[in-house]
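# Fold and contact review
One-letter residues, chain by chain:
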Amino acid sequence: MSDVAQPSPAEVPGAGGPHRAPAVLQGTIDRDPHGRLVYTDGQGMVHTGVQAVRAFPIEAPLEGLSLVGADGHELEWIDRWGSLPAPARSLIESELAQREFMPTIQRLVEVSTFSTPSTWTVDTDRGRTQFILKGEEDIRRLQGGGLLVTDNHGLVFRVMDLKAMDRATRKLLDRCL
């Protein structure tokens, strides 16, 4: 053992401490006149129809993003896209909003039956809706107390925190889980 003090991760560049440098794109991103995302790489090659794909959209939504070309190949990996400069981050956020549609359940209003299939009436961040839950396997628990609920059409609804829901919603969900 050495008596020399070892630096903390915050003091080591790139070690994941709180003083990490902001993310930097190796190329540039923009939109073409048709609204498609365009990525120009470090060598000046232009790639049109690029898609932004999160690695961990639920557990770490601001980390791990891949810019993927129209051919399906990764053009650039961004470790912490949430720390990109505002113009690039804004473009990526708008692209992800178009690509990822996951309403958040705010309240469970009614469940037709506690066996499956059942019809759920829910209030979401996008308004009230109804959907059919095919089976109990379509409800998935997440770390941190959240849930993912998939309807019969494959649309995924998210419950951010089961404990934060109102008492009536928690009671209905407890009977369904």
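In the block above lies the structure referred to throughout.
What comes next is a walk through the structure. (Residues numbered from 1 in each chain as written. Predicted model: local features only at pLDDT ≥ 70, side-chain atom pairs only at ≥ 80, totals over all residues. Heavy atoms only, no water.)

### Examining the sheet that holds strand β11 (residues 147–150)
Within the open sheet, the three strands sit side by side as β10-β11-β12. Their pairing is antiparallel. Every other strand in the sheet has two partners, leaving β10 (139–141) and β12 (156–159) as the edge strands with one partner each. On average, each strand axis in the sheet is inclined to that of its neighbour by 20°, with strand direction left out of account. Bridging between β10 and β11 involves three bridges; their strand directions are antiparallel. (Pairing = 2+ DSSP bridges. Helix = DSSP H or I, 4+ residues; strand = E, 2+ residues; numbered from the N terminus. Axes fitted to C-alpha atoms, helices over the stretch in contact; angles between N-to-C directions.)

### A word on the pattern of salt bridges
Pairing between side chains of opposite charge can happen when their charged atoms approach one another. Using the criterion set out here, one finds six salt bridges in the structure. Notably, a salt bridge pairs Glu93 with Arg89, separated by 4.0 Å at the nearest N-O pair. Of this pair, Glu93 and Arg89 both sit in helix α1 (residues 86–99), separated by four residues, roughly a single helical turn. Relative accessible area serves as the criterion here: at 39%, Glu93 is assigned to the partly exposed category. Via salt bridges that share partners, Arg107, Asp123 and Arg128 belong to a single interconnected network. (Salt bridge = Lys/Arg side-chain N within 4 Å of Asp/Glu carboxyl O. Buried < 20%, exposed > 50% of the residue type's maximum accessible area, 1.4 Å probe, protein only.)

### Focus: the pairing of strand β6 (residues 74–78)
Both strand β5 (residues 65–68) and β6 contribute to a ladder of four bridges, which runs antiparallel. Its bridge partner being in β6, Leu67 is matched across the sheet by Glu76. Between the end of β5 and the start of β6, which pair antiparallel, lie five residues, with Gly72 showing a positive phi angle near 90°.

### A short note on the pairing of strand β1 (residues 28–31)
In the sheet, β1 pairs with strand β2 (residues 37–40) via four bridges, with the strands oriented antiparallel. By the bridge assignment for β2, Ile29 is matched with Tyr39. Hairpin remark: β1 followed by β2, antiparallel, with five residues in the connecting loop; positive phi at Gly35, about 85°.

### Here's the deal with the packing of aromatic side chains
Tallied over the entire structure, the rule returns two aromatic pairs. Where Trp120 meets Phe131, the ring centres are 5.6 Å apart and the plane angle is 35°; that geometry is what we call tilted. Here Trp120 is found in strand β8 (residues 118–124), whereas its partner Phe131 is found in strand β9 (residues 127–133), with 11 residues between them in sequence. Here the two residues Trp120 and Phe131 agree in accessibility, since each one is buried. Centre to centre, the rings of Phe131 and Phe157 are 4.5 Å apart; their planes meet at 20°, and the pair counts as stacked. Here Phe131, found in strand β9, pairs with Phe157, found in strand β12; they are 26 residues apart in sequence, far enough to count as distant. As far as burial versus exposure is concerned, Phe131 and Phe157 are alike and both buried. (Phe/Tyr/Trp six-rings, centres within 6.5 Å; stacked < 30°, edge-to-face > 60°.)

### Some points on the nonpolar core
Note that soluble globular proteins tend to have their nonpolar side chains buried in a common cluster. Within the largest apolar cluster, 17 residues are counted, with the highest numbers of intra-cluster contacts made by Ile105, Leu108, Trp120, Phe131 and Val149. Residue assignment for this core shows that the elements contributing at least two residues are β7 (105–111), β8, β9, β11, β12 and α2 (167–176). Ignoring anything within four residues of it in the chain, the contact list for Trp120 reads Leu108, Glu110, Val111, Thr129, Gln130, Phe131, Leu133, Ile139, Val149, Leu173 and Cys176. With 15 residues, the next largest nonpolar core counts Leu37, Tyr39, Leu67 and Leu84 among its residues. (Core = buried A, V, L, I, M, F, W, Y, C linked by side-chain atoms within 4.5 Å. Contact = heavy atoms within 4.5 Å.)

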